[in-house]
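Tertiary structure, described
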Amino acid sequence: MTTMTAMLGLMLVGALLGDPAPDMRVEAHGLDMARPGDPMILAGRIQAASRDWCAAHRAFLTPDSVGDPRVCEREMRRRASNAIPRSQRLAFVRAGGQTALNRP
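Residues numbered from 1 in each chain as written. Predicted model: local features only at pLDDT ≥ 70, side-chain atom pairs only at ≥ 80, totals over all residues. Heavy atoms only, no water.

Here the focus is the overall build of the protein. Along the backbone of the protein there are 4 helices and 2 strands. Order of helices (α) and strands (β) in the protein, N terminus to C terminus: β-β-α-α-α-α. When the 104 residues of the protein are sorted by exposure, 36% land in the buried category. In the form shown here, the protein has an accessible surface area of approximately 5,900 Å², with 55% of it arising from carbon and sulfur atoms. (Helix = DSSP H or I, 4+ residues; strand = E, 2+ residues; numbered from the N terminus. Buried < 20%, exposed > 50% of the residue type's maximum accessible area, 1.4 Å probe, protein only. Areas by Shrake-Rupley, 256 points an atom, 1.4 Å probe, with all protein chains shown as cover.)

M24, L42, W53, M76 and F92 are the most contacted members of the largest nonpolar core, which totals 20 residues. Among the elements of the structure, β2 (24-26), α1 (38-61), α2 (69-83), α3 (86-94) and α4 (97-102) are those that each provide at least two residues to this core. Considering every element that reaches this core, the biggest residue donor is α1, with 7 residues. (Core = buried A, V, L, I, M, F, W, Y, C linked by side-chain atoms within 4.5 Å.)

Attention shifts here to the packing of α1 against α2. Two numbers describe how α1 lies on α2: the axes approach to 8 Å, and their chain directions differ by 120°. Comparing their axes, α2 and α1 come out oblique. Here α1 runs over α2; the crossing is right-handed. On α2, the residues that touch I46, Q47, S50, R51, W53, C54, R58 and L61 of α1 are P69, C72, E73, E75, M76, R77, R79 and A80. (Axes fitted to C-alpha atoms, helices over the stretch in contact; angles between N-to-C directions. Parallel < 35°, antiparallel > 145°, perpendicular 65-115°, else oblique. Left-handed = near helix turned anticlockwise from the far one by under 90°. Contact = heavy atoms within 4.5 Å.)

Before going further, it helps to spend a moment on α3. All of the buried residues in α3 are Q88, A91 and F92. The buried side chains of α3 occupy one side of the element, clustering within an arc of 105° when seen end-on. Turned more than 90 degrees away from the buried face of α3 sit R86 and R94, all of them exposed. Residues of α3 that are buried in the fold lie against α1 and α4. The positive-phi residue at the C-terminal boundary of α3 is G96, with phi of around 95°. (Arc of directions from axis to C-beta.)

Taken over all residues, the pLDDT of the protein has a mean of 78, while the share at 70 or more is 74%. Low pLDDT, under 50, characterises residues 1-18; the predicted model gives this stretch 63 contacts beyond four residues in sequence or across chains. (pLDDT = per-residue confidence, 0-100.)

Counted at 1.5 Å a residue, the expected span for α2 with its 15 residues is 21 Å, and the 21 Å between its end C-alpha atoms agrees. C72, E73, E75, M76, R77, A80 and S81 are the residues of α2 that are buried. (Expected span 1.5 Å × (residues − 1).)

On to the state of the cysteines. Within this structure, the stated rule accounts for 1 disulfide. With a sulfur-sulfur separation of 2.1 Å, C54 is cross-linked through a disulfide to C72. Across the S-S bond linking C54 and C72, the dihedral sits near -80°, which makes this disulfide left-handed. Taken together, the residues span a long stretch of sequence, with C54 in helix α1 and C72 in helix α2 at a distance of 18 residues. Across this residue pair, the class does not change: C54 and C72 are buried. (Disulfide = S-S within 2.5 Å.)

Below is the structure:
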């Protein structure tokens, strides 16, 4: 598999509440989902980015769940994993990266 050379996402959350939310970025440069350990590194980065993004902006994504950051974080982790290029996503899932993201 090739090295992931671009950042995941410029995660567009969309035009929720009429205003676009700020982008969430996850640095994936130099990671290769076929290389042992890299899927877990990426999963950790996604978890940290979703936690940070939701701490600052969760009202954009989950206005009805403002008091519960888990709703926002779970959605941002889902969006980030969906943004992984298909060729790399299968290796990410097989290596347990998706399972790591689904843990609280």
